[in-house]
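# Secondary and tertiary structure notes
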Amino acid sequence: MNGRALKAGGHAGAGDLLELVRSGRATTRGALQQATGLSRATVGQRLDRLFRAGWLREGAGGPVDSPLGGRPSITLEFDASHAVVLAADLDTRHAGAAVLSLTGEIQAEHTGTLVIDDGPEAVLDELGRWFAELLQKAGRQADAVCGIGLAVPGPVDSDTGRVVQPPIMPGWDGYDVRGRLARAFAEHAGGRADTVVLVDNDANLMAYGEQRSGYPDCAAFALVKVSTGIGAGVVVRGAIYRGIDGGAGDIGHIRVPEGADALCRCGSYGCLAAVASGGAVARKLAEAGVPAASGSDVRDLLVSGHPEAMALAREAGRHVGDVLATVVTLLNPGVLMIAGDLAGIPFLTGVRELLYQRALPRSTAHLDVVTSRLGERAGLVGAGALVVEHLYAPERVEERLAALGV
């Protein structure tokens, strides 16, 4: 339940009952009574609201608890078919978008060129077009969309959904991303202009998607994305850790001695991203006469086994591993995941070399250093999950049921 405490003393509402069913903690009327202390009649009344909204359904009969036999208890299930979520994941030069079920399955997806430097007006308008095409491909109507999630390669104030001083997103600082994307969805797909839109940093949402889908029992999970830039996402006890104003995890701008003469896109010298990101590796390859302009170009060279790209990726991994030794000592995560364009064997080898050399043995004794399971879909899955958890949180369920008149 992501740390949310259940209301006691007979005050549990319909949203709390839905949370119990969704989490699997109580999936029969009797179990709900026991978990909440509510009477049979009150549980029935509150479940009726969820049935009328189309959010719950009855499943198969459960086991018979009594040794004397009798009819099996009817189980309750979250009906994930009543709505879908739209999600998009922006990188510097390309993007992905998808229609997802409320349980995270991708029903339709699209990837293509979308240049973040073109600015928010053009980029978000194009996403609206992609969403319209994806809904048609998935066979869903715009009115089935309950919310939109967007991952961006920069720090985000999660309260406002506005990007805050992003080093690699010129023209996006302070822009009303939520409002513009909702309007683009309305203009191109026929959706509601007040559709809920949630925006977060891409590494945060990748971490959220990976942790929920592959490591749900990991209480401290860290993901490092190394593409054109470098960023990290941290999930603690099932919730994204963002810091005070969304700046947590911005490790690409930690100063490193090796980068004293390297100018970063943020305007400073010596940032980790200036010496060890996919963009930095691409620059070094270009200087050596190898055609490369971005992290995705480096990824393609690594896939083909290009020796110079592999050597530079391993060197970059060592720089990142040196910084991650401090991160691991501070956070003590159970899983450290390496993701992004450089997340292959050469880079991971470099990370491990310096990480295990510099970090205290106590910090790495129970640490798994792994690569992404979801790949390029991680941000989409995380963005979709963020929307679902927001809209079906107990307090918001009560608001939405009241708005539906049930």
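Figured I'd write up the structure that's included with this text. (Residues numbered from 1 in each chain as written. Predicted model: local features only at pLDDT ≥ 70, side-chain atom pairs only at ≥ 80, totals over all residues. Heavy atoms only, no water.)

Of regular secondary structure, the chain possesses 14 helices and 14 strands. Relative to its length of 406 residues, the chain is compact, with a C-alpha radius of gyration of 23 Å against a globular reference of 22 Å. Viewed in the frame of its principal axes, the chain has a C-alpha envelope of about 75 × 55 × 35 Å. By residue count, 51% of the 406 residues in the chain fall in the buried class. The contacts of the chain with a sequence gap of at least 6 include a subset with a gap of at least 24, amounting to 61%. As presented, the chain carries roughly 17800 Å² of accessible surface, and 49% of it is formed by carbon and sulfur atoms. Taking the average place of the 38 positive charges on the side chains of the chain and the average place of its 46 negative ones, the gap between the two points comes to 6 Å. (Helix = DSSP H or I, 4+ residues; strand = E, 2+ residues; numbered from the N terminus. Rg over C-alpha atoms; globule rule 2.2 N^0.38 Å. Buried < 20%, exposed > 50% of the residue type's maximum accessible area, 1.4 Å probe, protein only. Contact = heavy atoms within 4.5 Å. Areas by Shrake-Rupley, 256 points an atom, 1.4 Å probe, with all protein chains shown as cover. Lys, Arg positive; Asp, Glu negative; His and termini not counted. Charge placed at Lys NZ, Arg CZ, Asp CG, Glu CD.)

Here the focus is the packing of aromatic side chains. Scanning the model with the defined rule gives three aromatic pairs in all. On the numbers, 5.4 Å between centres and 75° between planes, the contact of tryptophan 55 with tyrosine 392 is edge-to-face. Here tyrosine 392 lies in the loop between helix H13 (378–391) and helix H14 (394–404) and tryptophan 55 lies in the loop between helix H3 (40–53) and strand S1 (56–61), a separation of 337 residues in the sequence. Seen from their ring centres, tyrosine 215 and phenylalanine 221 are 5.6 Å apart, and the 40° between their planes marks the pair as tilted. With respect to class, tyrosine 215 is no different from phenylalanine 221; both count as buried. Linked through ring pairs, Trp55, Phe78 and Tyr392 together constitute an aromatic cluster. Its end group placed over the ring of phenylalanine 78, arginine 22 keeps NZ or CZ at 5.4 Å from the ring centre. (Phe/Tyr/Trp six-rings, centres within 6.5 Å; stacked < 30°, edge-to-face > 60°. Lys NZ or Arg CZ within 6 Å of the ring centre and 35° of its normal.)

A few words on the environment of leucine 134. By the element assignment, leucine 134 lies in helix H4 (residues 120–138). Classification of leucine 134 by relative accessible area gives buried; the value is 2%. Measuring from C-alpha to C-alpha, the distance between leucine 134 and alanine 108 comes to 5.9 Å, with 26 residues separating the pair along the chain. Excluding residues within four positions of it along the chain, leucine 134 makes contact with Ala97, Ala98, Val99, Ala108, Glu109 and His110.

Here helix H8 (residues 278–287) crosses helix H9 (residues 295–303) at 70°, and the two axes come no closer than 7 Å. The pairing of H8 with H9 is recorded here as roughly perpendicular in orientation. Residues Gly278, Gly279, Val281, Ala282 and Leu285 of H8 form the contact with H9, whose own contacting residues are Gly295, Val298 and Leu301. The residue makeup of the contact of H8 with H9, split by class, is five nonpolar, three polar and no charged. (Axes fitted to C-alpha atoms, helices over the stretch in contact; angles between N-to-C directions. Parallel < 35°, antiparallel > 145°, perpendicular 65-115°, else oblique. Nonpolar A, V, L, I, M, F, W, Y, C, P; charged D, E, K, R; others polar.)

One finds Leu32, Leu50, Leu102, Phe221 and Tyr392 to be the most contacted residues of the largest nonpolar core, which totals 53 residues. Core analysis: the next-biggest nonpolar cluster, separate from the first, contains 42 residues, Ala222, Leu285, Val320 and Ala325 among them. (Core = buried A, V, L, I, M, F, W, Y, C linked by side-chain atoms within 4.5 Å.)

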